[in-house]
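Notes for the structure review
Take a look at the letters that make up each chain.
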Amino acid sequence: MHGFVKQKYPDLITKIETSKDLDADAEQKLSKAIEEFKANLA
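Residues numbered from 1 in each chain as written. Predicted model: local features only at pLDDT ≥ 70, side-chain atom pairs only at ≥ 80, totals over all residues. Heavy atoms only, no water.

The name given to the protein in an unreviewed UniProt entry is ATP synthase subunit alpha, and the organism recorded there is Candidatus Accumulibacter adjunctus.

Now the structure itself:
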């Protein structure tokens, strides 16, 4: 999953790695990424 998110949402990964924080915006993007990842497994 990390590879999927890193490929599809590189800005999100960079933001989380840099800030070491998960603000509301990042949390929303991560949630979207998880849903997209799960949809691709089905």
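Applying the stated criterion across every chain, the model contains six salt bridges. Of the charged contacts in the structure, one is a salt bridge between D25 and K29, with a shortest N-O distance of 3.7 Å. One end of the pair is D25 and the other is K29, both in helix α3 (residues 24-41) and four residues apart, which spans about a single turn. On the basis of relative accessibility, which here comes to 32%, the residue K29 falls in the partly exposed class. A salt bridge links K38 to E35; its shortest N-O distance comes to 3.6 Å. Note that K38 and E35 are positioned in helix α3 at a spacing of three residues, about one turn of the helix. On the basis of relative accessibility, which here comes to 48%, the residue K38 falls in the partly exposed class. Among the residues examined, E35 registers a relative accessible area of 46% and is labelled partly exposed. (Salt bridge = Lys/Arg side-chain N within 4 Å of Asp/Glu carboxyl O. Helix = DSSP H or I, 4+ residues; strand = E, 2+ residues; numbered from the N terminus. Buried < 20%, exposed > 50% of the residue type's maximum accessible area, 1.4 Å probe, protein only.)

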